[in-house]
Amino acid sequence: MQKEIKSIPIYLSSDDKYAPFVATTMASICDNTTSFCEFYILDGGISRKNQDKICELKKQFSNFSVEFIETKGNTYIENINYRNDVTHVTLATYNRLLIPEIKLNIDKAIYLDVDTIVLKDILDFYKQDLRDSSIGVVADSVPPKHINQVKDDIGMKQDSVYFNAGVLLIDCKRCREQNAVNKMFEIASKKQDKLHMADQDILNIFFENKKVLLDSSFNVLYKHNSPHIRHFIGDIKPWHINPQTECKYIANLIDFWKYAQMTPFYIELKSKTENQDLQNELYRKLRFISMIQNISNKRNKVSL
């Protein structure tokens, strides 16, 4: 018999720049979930002003608590030998690897990137059966040719499934029993020159034979008929596109702005999308990316 779920622990990670998107992700969860959510924000330098703005969500929602957890000074993070020649990789990138050891009283938790929105009750995701696995994940949907090269470089078997690490369901207790955090940081130090996607590669290496694959609706990277969790990957994010724009190249754009409007950051975010020349340029880039993706998809179907 499944134990009664009193609250749902959810980890997010952010610096000050991404604080508005923490609030947007939180708003999407609270708006669709009746259960109480415990948010733990791995804080890579969020200002007190923006922390207060995030907490203002309590004016709209009563079904959550929030705790900011500073990761600066953590022994694992400070001692890691990471590739600072890669612009998108910072020390904060590795924060999610710490999750099993942060709250020792938490046995199971969710991790979400802050470029996600939740469109249905997050409890459905939390209740997924991990069986004898340490982590629940969704397979990455980028082109197989690229993924195969990554797997080859980082030492994964070609028949192993490479997953996207932006949405994770973690058995923290089992991870602690496996000494997972220490082992993942050992991988980080030993394989830095081989990694393509920093901590995502590390997670794939360690959990190669310790994961369960979940339904694709829990981490939708592109279009989907019924997404549970929408993950906006890529350089052009929904917050770059004006909310009044009819943009067919970013699915769930309207949903993103619906939840952004519930936060104290909405006016600030919207004001950054009002340069029409920039909007036109972004639209051209999206159209080009869409064209390339369609060509790639056709080639993949032919190769199958």
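Model, not experiment: these values are computed from the prediction.

## Re the overall build of the protein chain
In step 1: From N to C terminus, the protein chain includes 12 helices and nine strands.
In step 2: A buried classification covers 51% of the 304 residues belonging to the protein chain.
In step 3: In the protein chain, the share of contacts with a sequence separation of at least 24, taken over all contacts with a separation of at least 6, comes to 78%.
In step 4: Split by element, the accessible area of the protein chain, about 15600 Å² in all, is 47% carbon and sulfur.

## Quick notes on a nonpolar patch on the surface
In step 1: Taken together, the side chains of F288, I289, M291 and I292 make up a nonpolar region of the molecular surface, amounting to roughly 360 Å² of accessible area.
In step 2: Secondary-structure assignment places I292 in helix α12 (residues 276-303).

## Some thoughts on the environment of Y40
In step 1: In this structure, Y40 sits in strand β2 (residues 37-43).
In step 2: Here the alpha-carbon distance between Y40 and P9, two residues 31 residues apart in the chain, equals 7.4 Å.
In step 3: Not counting residues within four places of it along the chain, the set of residues in contact with Y40 comprises P9, I10, Y11, L12, E67, I69, K103 and I106.
In step 4: Of note is the side chain of Y40, whose polar atom sits 3.0 Å from the side chain of E38.

## Examining the nonpolar core
In step 1: Grouped together as the largest cluster of nonpolar side chains are 54 residues, with contacts concentrated most on I10, M26, F39, I110, L112, I122 and F125.
In step 2: Among the elements that take part in this core, helix α1 (residues 19-32) stands out by supplying eight residues, more than any other.
In step 3: Leave out the neighbours within four places in its chain, and I10 touches I29, C37, E38, F39, Y40, I110, L112 and I122.
In step 4: Among the nonpolar cores identified, the runner-up in size contains 37 residues, and Y94, L98, F185 and I202 belong to it.

## What about the packing of α1 against helix α10 (residues 253-260)?
In step 1: Interhelical geometry of α1 versus α10 gives an angle of 95 degrees and a closest axis separation of 8 Å. If you check the angle between α1 and α10, you find them roughly perpendicular. Contacts from F21, T24, A27, S28, D31 and N32 in α1 reach F256, K258, Y259 and A260 in α10.
In step 2: By residue class, the composition of the contact of α1 with α10 is five nonpolar, three polar and two charged.

## Some thoughts on α10
In step 1: Listed as buried for α10 are L253, F256, W257, Y259 and A260. One side of α10 carries all its buried residues, which in axial view fall inside an arc of 160 degrees.
In step 2: Taken together, the buried residues of α10 touch α1, β5 (116-118) and α11 (266-271).

## Quick notes on the pattern of salt bridges
In step 1: For the coordinates displayed, the defined rule picks out 12 salt bridges.
In step 2: A salt bridge links K103 to E67; the shortest N-O distance between them is 3.0 Å. Of this pair, K103 sits in the loop between α4 (99-102) and β4 (108-112) while E67 sits in strand β3 (residues 64-70), and the two are 36 residues apart along the sequence.
In step 3: By relative accessible area, which is 32% here, E67 ends up partly exposed.
In step 4: In this structure, the salt-bridge partner of D199 is R96, at a minimum N-O distance of 2.5 Å. Pair noted here: D199 is in helix α9 (residues 199-206) and R96 is in the loop between α3 (75-79) and α4, with a separation of 103 residues, a long-range link.
In step 5: We classify D199 as buried; its relative accessible area is 3%.

## Looking at the sheet that holds β2
In step 1: With mixed pairing, the seven strands of this open sheet are ordered in space as β3-β2-β1-β4-β7-β6-β8. The open sheet has two edge strands with one neighbour each: β3 and β8 (211-213). Across the sheet, the mean angle from the axis of one strand to that of its neighbour is 25 degrees, orientation sign disregarded.
In step 2: Where strand β6 (residues 135-139) and β8 come together, three bridges link them in parallel fashion. Residue pairing in the sheet places I135 in a bridge with K211 of β8.
In step 3: The sheet strands contacting helix α2 (residues 48-55) are β2 and β3, and the helix crosses β3 at an angle near 160 degrees.

Cut-off values and rules
Residues numbered from 1 in each chain as written. Predicted model: local features only at pLDDT ≥ 70, side-chain atom pairs only at ≥ 80, totals over all residues. Heavy atoms only, no water. Helix = DSSP H or I, 4+ residues; strand = E, 2+ residues; numbered from the N terminus. Buried < 20%, exposed > 50% of the residue type's maximum accessible area, 1.4 Å probe, protein only. Contact = heavy atoms within 4.5 Å. Areas by Shrake-Rupley, 256 points an atom, 1.4 Å probe, with all protein chains shown as cover. Patch = residues over 30% accessible without salt bridge, like charges linked within 9 Å, V, L, I, M, F, W, Y side chains within 5 Å. Salt bridge = Lys/Arg side-chain N within 4 Å of Asp/Glu carboxyl O. Polar contact = N/O pair within 3.5 Å; in protein donor to acceptor, adjacent residues only side chain to side chain. Core = buried A, V, L, I, M, F, W, Y, C linked by side-chain atoms within 4.5 Å. Axes fitted to C-alpha atoms, helices over the stretch in contact; angles between N-to-C directions. Parallel < 35°, antiparallel > 145°, perpendicular 65-115°, else oblique. Nonpolar A, V, L, I, M, F, W, Y, C, P; charged D, E, K, R; others polar. Arc of directions from axis to C-beta. Pairing = 2+ DSSP bridges.

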